[in-house]
Amino acid sequence: MHRFAQLTATAAFILLIAGGLVTSTDSGLAVPDWPLSYGTLFPPMVGGIRYEHTHRVIAGIVALMIAALAVWLHRREPRRWVRRLGDGALAAVVAQALLGGLTVLLRLPLAVSVAHACLGQVVLCVVACVATALSPRWGQRSALVADAVSSSVRLAALSLVAALACQLMVGAVLRHSGHLLSWHLAGAAMIACLIGWLWRQTRRVAETRRAVHWLMVGVGAQVSLGLLAWVHRDHVLVTTAHQALGALLLAGACVLLMRLKTQDSRLKRQHGRWAKLGGRLRAYWELTKPRVTMMALLTTAAGFLMGSTIYTDPATLIPTLIGAWLVGGGANALNQWAERDADALMERTTRRPLPSGRLSPWQALVFGVTTATTGLACLWWFANALSTWCA
């Protein structure tokens, strides 16, 4: 299973390269229909069609591989968090396919194109984390790393992951619109400072020093490729390599952060207060039924984009999605509050926050009312009255 996960991660990286070639060659609308290509499965491979259709074929293969990996994890993997990573990868690749279809059908709207590009990075990072967790030496290495590092190292790694994610989002906007160049340059300088900070924190930790050194080499190469991509803007291979290396850096930083976050029981006992707070926050998160709410949020986004004109206003879309999430999460919390007695009688629902005793009924009631009311106010203020009444 470890080898198959590695193969899946490699295929996801190849898919990113294929997507980068589509953007670099302006072939996004070479095939104007979806999911078929000119009404067939195998159109003539000429011009930009060979880039766009090849990208679709690879995407289908990767989706099937991730689906197989998720099923395999549920059958053979005892660790719950690894199974959840597999489920997350499957959900992300499905959403990625839907966004890719909307990108074609809506004729390359900026918001959808950027979301499609960024979600591809998420798929690669999640699959890379799954492949790392399935390594036979994962348990030994993670225990050594957990004992060796301090909280400042984890903070530096977390900051690096956040900065790389923001940098890739800004880079996606720059590639699709030509704007935010100054932000991209500022982000590059920040990442260079963060990788230096991380190296300083880990230079005496043998278990992480090698990974940090490779990240430093990658950041240096990425800066060089970025300068070349700006000088030779029409060079397809340079711009695609710059985008692909950025994805590799984010995946490597995520894997490093996952290794640093793995702690043994002794460290967990030392941080009992934070563990209790984390358990309380997870209980509130479970009240919102995030997977159900996310499905509703995807339909909301699809309806918004289909009902929009050629230009999609992010200042309206983002508050609408936030308001819809808050309303849906609050409604799910109130539903669990109302059905807490019935949930306590069924084995499938006894682990929910209220039947398990992690939250009291009044806490769930206050949380649900507050969250739903905040969501309605957000929709009323930033969207319109009709959307508020429909929610």
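None of these values were measured; they are calculated from a predicted model.

Looking at the element boundaries, Ala 333 is found in helix α13 (residues 314-338). For Ala 333, a relative accessible area of 0% translates into the label buried. Along the primary structure Ala 333 and Leu 365 are separated by 32 residues, whereas in three dimensions their C-alpha atoms are 7.4 Å apart.

This paragraph deals with the confidence of the model for the protein chain. Do not read the predicted coordinates in detail wherever pLDDT is low. Across the protein chain, the average pLDDT comes to 83, with 89% of residues at 70 or higher. Confidence, read as mean pLDDT per element, is least for helix α10 (residues 265-270) in the protein chain (43) and greatest for helix α2 (residues 49-76) (92). Low pLDDT (under 50) marks residues 263-271, which in the prediction has 9 contacts with non-local residues, meaning those over four places away or in another chain.

A few words now on helix α1 (residues 2-24). In this model, α1 (23 residues) spans 33 Å end to end at C-alpha, consistent with the 33 Å of a helix rising 1.5 Å per residue. Of all the residues in α1, the buried ones are His 2, Ala 5, Thr 8, Ala 9, Ala 11, Ala 12, Leu 15, Leu 16, Ala 18, Gly 19, Gly 20 and Val 22. Count one or two residues on from α1 and you reach Asp 26, which has phi positive near 55°.

A few words now on the nonpolar core. With 62 residues, the main nonpolar core has Val 62, Ile 66, Leu 160, Leu 164, Leu 198 and Leu 250 as its most contacted residues. Elements supplying a minimum of two residues to this core: α1, α2, α3 (80-105), α4 (110-133), α6 (151-177), α7 (181-202), α8 (206-231) and α9 (236-261). When sequence neighbours within four positions are dropped, the list of residues in contact with Leu 164 reads Ile 191, Leu 249, Leu 250 and Ala 253. Within the second largest apolar cluster, 7 residues are counted, among which are Tyr 284, Ala 333, Leu 359 and Ala 364.

Structurally, the position occupied by Ala 18 is in helix α1. Along the sequence, Ala 18 and Tyr 51 sit 33 residues apart, while their C-alpha atoms lie 7.2 Å from each other. For Ala 18, the residues in contact, after removing those within four places along its chain, are His 55 and Ile 58.

With their axes 9 Å apart at the nearest point, α4 and α9 run at an angle of 40° to one another. In terms of orientation, α4 and α9 fall into the oblique class. Classified by chirality, the crossing of α9 by α4 is right-handed. Residue-level inspection shows Gln 121, Leu 124, Cys 125, Ala 128, Cys 129, Thr 132 and Ala 133 of α4 in contact with α9, the latter providing Gln 243, Ala 247, Leu 250, Ala 251, Cys 254, Val 255 and Met 258.

Calculation notes
For every chain, the first residue of the written sequence is number 1, and numbering continues from 1 onward in sequence order. A pLDDT threshold of at least 70 governs which residues receive local features in this predicted model, and a stricter bar of 80 or more applies before side-chain atom pairs are shown or counted, although totals over entire chains, interfaces and linings include all residues. As a convention, hydrogens and water are excluded, and side-chain values are obtained from all of the structure's heavy atoms. The numbering of helices and of strands both runs from the N terminus, where a helix is a DSSP run of H or I of at least 4 residues and a strand a run of E of at least 2. With a 1.4 Å probe rolled over the protein chains alone, any residue whose accessible area is under 20% of its type maximum counts as buried; one over 50% counts as exposed, and the rest are partly exposed. Each residue gets a pLDDT score, which is the predictor's confidence in that residue and runs from 0 to 100. Two residues form a contact once any of their heavy atoms are found within 4.5 Å. Expected helix span is computed as 1.5 Å times (number of residues minus one). In this text, buried Ala, Val, Leu, Ile, Met, Phe, Trp, Tyr and Cys residues form a nonpolar core when linked through side-chain atoms within 4.5 Å. Axis definition: a line fitted to C-alpha atoms, over the contacting stretch in the case of helices. Angles run 0 to 180 degrees between N-to-C directions. What sets the label is the angle itself: under 35 degrees gives roughly parallel, over 145 gives roughly antiparallel, 65 to 115 gives roughly perpendicular, and the rest give oblique. If you view the pair so one helix is near and one far, a crossing is left-handed when the near helix is turned anticlockwise from the far one by less than a right angle, and right-handed when it is turned clockwise.

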